Amino acid sequence: MAKEQGRKLIASNKKARHDYAILKTWEAGLVLAGTEVKSLREGRASLVDAFAQEHEGEIMLYGLHIAEYGYGSWTNHAPRRTRKLLLHKGEIAKILHQLDDGKGLTLVPLSMYFSNGWAKVELGLARGLRTYDKRQVMAERDAQKEIARELGRRLKGRR
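Residues numbered from 1 in each chain as written. Predicted model: local features only at pLDDT ≥ 70, side-chain atom pairs only at ≥ 80, totals over all residues. Heavy atoms only, no water.

Moving on, we get to the packing of aromatic side chains. The final tally for this structure, using the stated rule, is two aromatic pairs. Ring geometry for Y69 and Y71: centres 5.8 Å apart, planes at 65°, overall edge-to-face. Y71 gets classed as exposed once you look at its relative accessible area, which sits at 71%. Against the face of Y113 rests R7, its NZ or CZ located 3.6 Å from the ring centre. (Phe/Tyr/Trp six-rings, centres within 6.5 Å; stacked < 30°, edge-to-face > 60°. Buried < 20%, exposed > 50% of the residue type's maximum accessible area, 1.4 Å probe, protein only. Lys NZ or Arg CZ within 6 Å of the ring centre and 35° of its normal.)

This is the structure we're talking about:
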């Protein structure tokens, strides 16, 4: 079987980009069981309640839901088990240093995908947004849509 090329999206966490301001992102590998990989290839994962934390010098992913593999037997995995993230020691040190600064930062998984056949998670260093911040972002987005709409109308009118 030929090796996969490119990037295939499994799941994305749209709510995270709405609830948090993303300051920096990292790509991390995952330690998975065989039935988890098969379930991911079917696209059966959810990042909704997932978050990452430090545990004994390593970064672990909690709350990630990977549905049980339909054709699995007693070898099936637990859907919400804790999973280890694969990062370089230097990256882990940088992340932990930024998390320990006490500025209310957290690690949130933004998306999950296959990159050249390997399961990866995009982690974001995030700061929670307040309600008025969310309203401001939504107002800016609406203003940009209106500008683009008006510009399109004017361009079509000139043709």
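Mapped onto the elements, K89 comes out in helix α3 (residues 89–99). Overall, K89 belongs to the exposed group, its relative accessible area being 76%. The spacing of K89 and G57 is 32 residues in sequence and 9.2 Å in space, taken between C-alpha atoms. (Helix = DSSP H or I, 4+ residues; strand = E, 2+ residues; numbered from the N terminus.)

Take the environment of R44 next. Following the sequence through the fold, R44 ends up in the loop between α2 (34–41) and β3 (45–46). Note on R44: relative accessible area 37%, which makes it partly exposed. Sequence separation between R44 and E68 is 24 residues; the distance between their C-alpha atoms is 8.5 Å. The residues touching R44, leaving out its near neighbours within four places in the chain, are S39, H65, I66, A67, E68 and G70. (Contact = heavy atoms within 4.5 Å.)

With respect to the helices and strands, D19 occurs in helix α1 (residues 14–19). Separated by 3.2 Å, the side chains of D19 and H18 make a polar contact. Residues within four places of D19 in sequence aside, it is in contact with R127, G128, L129 and K134. (Polar contact = N/O pair within 3.5 Å; in protein donor to acceptor, adjacent residues only side chain to side chain.)

With that out of the way, let us pick up the pattern of salt bridges. Should the charged atoms of two oppositely charged side chains come close, the side chains can pair. Applying the stated criterion across every chain yields a total of eight salt bridges. For E150, the salt bridge is made with R153, and the minimal N-O distance between the two is 3.4 Å. Remark: R153 and E150 occur in helix α4 (residues 131–158); sequence separation between them is three residues, near one turn of the helix. Taking the shortest distance from any N to any O, the salt bridge between E150 and R154 comes out at 3.4 Å. Note that E150 and R154 are positioned in helix α4 at a spacing of four residues, about one turn of the helix. Through salt bridges with shared partners, a single network forms among E36, R81 and R83. (Salt bridge = Lys/Arg side-chain N within 4 Å of Asp/Glu carboxyl O.)

A few words on the pairing of strand β4 (residues 51–55). When β4 meets strand β5 (residues 58–62), the two strands line up antiparallel, connected through five bridges. Note that in β5 the partner of H55 across the bridge is E58. Connecting β4 to the next strand, β5, in antiparallel fashion are two residues, including E56 with a positive phi near 55°. (Pairing = 2+ DSSP bridges.)

Let us look at α3. Of the positions making up α3, those classed as buried are I92, I95 and L96. Projection of α3 onto a plane perpendicular to its axis shows the buried side chains occupying an angular sector of 95°, all on one side. Projecting away from the buried face of α3 at angles above 90 degrees are the exposed residues K94 and H97. Where α3 is buried, its residues touch β2 (20–30), β4, β5 and β8 (105–115). (Arc of directions from axis to C-beta.)

Attention now moves to the nonpolar core. Counting 27 residues, the largest nonpolar core has L40, I59, L85, L107, M112 and L123 as the members making the most contacts within it. Put simply, the parts of the chain that give this core at least two residues each are β1 (7–12), β2, β5, α3, β8 and β9 (118–128). When residues no more than four places from it in sequence are discounted, the contact partners of I59 are A52, Q53, E54, K84, L85, L87, I92, I95 and L107. (Core = buried A, V, L, I, M, F, W, Y, C linked by side-chain atoms within 4.5 Å.)

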